[in-house]
Amino acid sequence: MTYNNSLYSNFPAKKRMLENYTNQTQQAFVNINGHVHTPHSFSAFSEISQIFEMATAENIKAVGINDFYTTDGYIEFAQLAKQYKIYPLFNIEFMALQQDLQKAGIKVNDPNNAGRTYFSGKGLRFPATLSKKNTQKVAALKKESNLQTFEMVTKLNSFLEEIGSDLQFDPTILMEKYAKNLFRERHIATAIREAISEKFTSVEKQKNFYTQLFSGKELKSALTDVVGIENELRGNLLKAGGTAYVEEDPKAFLSFDEVKEIIIDAGGIPCYPVLLDDPKGNFTDWENSKEQLLKTLTDNDVYSIELIPGRNDFSILKEFVLFFHKNNFVITFGTEHNTPQLDPIKITCRGGVPLDDELLNINYEGASIIAAHQYLVANGEEGYLKGTKAKMAQKEQFIELGKAVISEFTKK
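Residues numbered from 1 in each chain as written. Predicted model: local features only at pLDDT ≥ 70, side-chain atom pairs only at ≥ 80, totals over all residues. Heavy atoms only, no water.

1. Some remarks on the overall build of the chain
Okay, so step 1: Looking only at helices and strands, the chain features 14 helices and 12 strands.
Okay, so step 2: Relative to the compact-globule value of 22 Å for 412 residues, the chain shows a C-alpha radius of gyration of 22 Å, a close match.
Okay, so step 3: Considering only C-alpha atoms, the chain reaches an extent of 70 × 45 × 45 Å along its principal axes.
Okay, so step 4: Looking at the chain alone, contacts between residues at least 24 apart form 75% of all its contacts between residues at least 6 apart.
Okay, so step 5: Accessible surface, the chain as shown: approximately 18200 Å² in total, 49% of it carbon and sulfur.
Okay, so step 6: The positive charge centre, built from 46 side chains, and the negative charge centre, built from 53, are 4 Å apart in the chain. (Helix = DSSP H or I, 4+ residues; strand = E, 2+ residues; numbered from the N terminus. Rg over C-alpha atoms; globule rule 2.2 N^0.38 Å. Contact = heavy atoms within 4.5 Å. Areas by Shrake-Rupley, 256 points an atom, 1.4 Å probe, with all protein chains shown as cover. Lys, Arg positive; Asp, Glu negative; His and termini not counted. Charge placed at Lys NZ, Arg CZ, Asp CG, Glu CD.)

If you want it as structure tokens, here you go:
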């Protein structure tokens, strides 16, 4: 296998790099965002460069690209990371389906669909490479996903005809305008909202059309609330029970084990994205007991979790994170930015409550392990996994190396 260490070509030898870091007079933890989506899936950012501009302004030292099903943004992400001196974490996200849990009605980390399981890979090889078999699997996933979305547009057009509207959408044009190579329901919602705004100039006419589109239900969101409107469009038209909903073909999903295999094949670390509490304090079936979740994950050789604190209560998040940190998990946080809402890159909990120093440090340690893993793999060495097992006994060594890698990469 050919390794690419171009990101580290100007680095000193590992021993010298560690010495340089150890000899620094100030070694405070740094702000990290380990999970953002780019326009290669669906994103609040218009361009990848916007991520780095905001990260620089907010003093974020490492950012993780985490697009669905694709690594197409990696090269541009890496180039901008070098330019802005912000360390890049190379991640990916999938939607798996655990069919036994689906049949049993057990919800994992999708609150609306039993068995559906969001799953991430952290610290993939750069440039990304996969075996021929897994390359074909991922290509088939994208194809099936896009087919479903195209069918939604066809069904939407039929419904628009039924209600006497002359609005019509061409899925190919929508994909070219709003997406890269993965066309999602969120893109359709954006297109509908923009078309309504352009067609109806008055507030009253827009609201009346939404009522018609929602089969008599009034729009709840203000017309200035882009995120709220698009969520209502998705809920009323494109989600299960909606007039333009198209049920996903099982071929559009891989199994939990297949996703893990692809992540490891790509040089990454399997990572479970935790949903945790909703605004009413509810948890999914899979996450209702942190002790049982820990056992389930370790039984499946998953030793890393990530959270999106913006959707969680601070106290619930902290108790949960400290439990998994005590059990030697790699833990990272992110913001996703997978809605039109352009929030800050800096991570906060629900309601804008900031992370405390302990949580910031845990996030820094997790990102450091991933950084060390990426650095070692890029130099032809074994990373944080040995086969499918994490090197938990060497966790502190990986943290130290990763901090040195991030420090070296980000120094001015």
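2. Here we look at the environment of S368
Okay, so step 1: Here S368 shows up in helix α13 (residues 357-378).
Okay, so step 2: Assessed through its relative accessible area of 0%, S368 is described here as buried. (Buried < 20%, exposed > 50% of the residue type's maximum accessible area, 1.4 Å probe, protein only.)

3. As for the packing of aromatic side chains
Okay, so step 1: Within this structure, the stated rule accounts for 21 aromatic pairs.
Okay, so step 2: Aromatic side chains F150 and F183 sit 5.7 Å apart centroid to centroid with 85° between the ring planes, which places their arrangement in the edge-to-face category. Linking F150 in helix α5 (residues 132-162) with F183 in the loop between α6 (171-178) and α7 (185-199), this pair joins segments that are 33 residues apart in sequence.
Okay, so step 3: The class for F183 is buried, based on a relative accessible area of 0%.
Okay, so step 4: The structure contains a cluster of three or more aromatic residues connected by ring pairs, namely F68, Y69, F94 and Y118.
Okay, so step 5: Lying across the ring of F200, K199 places its NZ or CZ 5.8 Å from the centre.
Okay, so step 6: The side chain of K290 reaches across the aromatic face of F323, ending 5.6 Å from its centre. (Phe/Tyr/Trp six-rings, centres within 6.5 Å; stacked < 30°, edge-to-face > 60°. Lys NZ or Arg CZ within 6 Å of the ring centre and 35° of its normal.)

4. Some remarks on α13
Okay, so step 1: Spanning 22 residues, α13 covers 31 Å between terminal C-alpha atoms, matching the ideal 32 Å at 1.5 Å per step.
Okay, so step 2: Within α13, 19 of the 22 residues are buried, which leaves the element mostly enclosed by the surrounding structure.
Okay, so step 3: Two residues or fewer after α13 comes G380, characterised by a positive phi angle close to 80°. (Expected span 1.5 Å × (residues − 1).)

5. A short note on the sheet that holds strand β7 (residues 304-307)
Okay, so step 1: Strand order in the open sheet formed by 5 strands is β4-β5-β6-β7-β8, and the pairing between neighbours is mixed. Each of the sheet's edge strands pairs with one partner strand only, and the pair in question is β4 (92-97) and β8 (330-333). Across the sheet, the mean angle separating the axes of adjacent strands is 35° when strand polarity is ignored.
Okay, so step 2: Relative to β8, β7 runs parallel, the two being bridged by 4 bridges. Looking at β8, one finds that S304 is bridged to V330. (Pairing = 2+ DSSP bridges. Axes fitted to C-alpha atoms, helices over the stretch in contact; angles between N-to-C directions.)

6. Examining the sheet that holds strand β2 (residues 60-65)
Okay, so step 1: The strand order across the open sheet formed by 3 strands is β1-β2-β3, and the pairing between neighbours is parallel. Since the sheet does not close on itself, it has two edges, and those belong to β1 (31-36) and β3 (87-90), each with one partner. Each neighbouring strand pair of the sheet contributes to a mean axis angle of 20°, computed without reference to strand direction.
Okay, so step 2: With 4 bridges connecting them, β2 and β3 associate as parallel partners. Note that in β3 the partner of I65 across the bridge is F90.

7. Topic: the packing of α13 against helix α14 (residues 395-410)
Okay, so step 1: Where α13 contacts α14, the two axes come as close as 7 Å, and the packing angle between them is 80°. On the basis of the axis angle, α13 is roughly perpendicular to α14. For the pair formed by α13 and α14, the contact residues are N361, Y364, E365, A367, S368, I369, A371, A372, H373, Y375 and L376 on the first element and K395, F398, I399, L401, G402, K403, V405 and I406 on the second.
Okay, so step 2: Tallied by class, the residues present in the contact of α13 with α14 amount to 12 nonpolar, 4 polar and 3 charged. (Parallel < 35°, antiparallel > 145°, perpendicular 65-115°, else oblique. Nonpolar A, V, L, I, M, F, W, Y, C, P; charged D, E, K, R; others polar.)

8. Some points on the packing of α6 against α7
Okay, so step 1: At a minimum axis separation of 10 Å, α6 and α7 run at an interaxial angle of 95°. Accordingly, the angle class assigned to the pair α6 and α7 is roughly perpendicular. In this structure, α6 uses L174, K177 and Y178 to contact α7, whose residues at the interface are H187, T190, A191 and E194.
Okay, so step 2: The residue makeup of the contact of α6 with α7, split by class, is 3 nonpolar, 2 polar and 2 charged.

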